[in-house]
Structures are given as C-alpha cells and as structure tokens.
Amino acid sequence: MKHLALFCAAALPLPALASSFDRPVPQAQSATAEYWFAAASVALIVALVVVARMVARR
C-alpha cells in the first residue's frame with residue numbers, strides 16, 4: 001500500500017509535462033465553397049429586399 005501511494009504521488013505531476021497545444025492551420029476555401037457562399041449572399045440580399053418591400057406596403 002505504501003508503494004501504491006508513493007507511485008500515485010509521483011504520477012500526479014506527469015500531465016504538466018504534456019506538449020503545448022498547436023493550433024490547426026485553416027485551409028483555403030475551395031471554388032465550390034466560394035460559389036455556395038456567393039449564392040447564399042445573393043439569396044439573403046433578395047430576401048431582405050422582399051421583406052423591406054412587404055413592410056413598406058403596410
């Protein structure tokens with residue numbers, strides 16, 4: 001039991017020796033992702049114009 005307690009006490013600081021966190025490098029967008037982002041942007045603008053016109057009529 002004495003050896004088990006000594007081992008546990010010695011093993012406690014081991015997580016502090018872990019390597020530091022390396023941030024992942026973001027990847028560039030693909031052409032497909034840029035296309036869908038542009039399509040979604042145009043759809044959002046169209047939706048905002050439609051809502052503005054609907055609200056202005058009231």
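Structure's up top.
Structural notes, computed from the coordinates. Here the structure is a predicted model, which is why all the values come from computation and not from measurement.

## Regarding the overall build of the chain
Tallying secondary structure elements over the chain gives two helices and zero strands in all. For the chain, the residues scored as buried account for 0% of the 58 residues in total.

## Notes on the packing of aromatic side chains
Any pair of aromatic rings gets described here by the distance separating the centres and the angle formed by the planes. Evaluated as defined, the whole model comprises one aromatic pair. Both rings, one in Tyr 35 and one in Trp 36, keep their centres 5.3 Å apart while their planes meet at 70°; by these two values the pair is edge-to-face. For Tyr 35, a relative accessible area of 53% gives the class exposed. Its relative accessible area of 56% is what places Trp 36 among the exposed residues.

## Focus: helix 2 (residues 31–57)
The terminal C-alpha atoms of helix 2, which comprises 27 residues, lie 40 Å apart, in line with the 39 Å expected from a rise of 1.5 Å per residue. Where burial is concerned, little of helix 2 is hidden: zero out of the 27 residues are buried.

Reading the values: the criteria
- In this convention, every chain numbers its residues from 1, walking through the sequence in written order.
- In view of the model being predicted, local features appear only for residues whose pLDDT reaches at least 70, and side-chain atom pairs are presented and counted only at 80 or more, with totals across whole chains, interfaces and linings using the full set of residues.
- The side-chain figures draw on all heavy atoms in the structure; neither hydrogens nor water molecules are used.
- Runs of E in the DSSP output that reach at least two residues are strands. Runs of H or I that reach at least four are helices, and both are numbered from the N terminus.
- Think of it in three bands: with a 1.4 Å probe and only protein chains considered, a residue is buried below 20% of the maximum accessible area for its type, exposed above 50%, and partly exposed in between.
- Each pair of aromatic rings taken from Phe, Tyr and Trp, with Trp reduced to its six-membered ring, is defined by centres within 6.5 Å and is described as stacked if the planes are under 30 degrees apart, edge-to-face if over 60, and tilted in the remaining cases.
- Between the first and last residue of a helix there are one fewer steps than residues, each counted as 1.5 Å, and that sum is the expected span.

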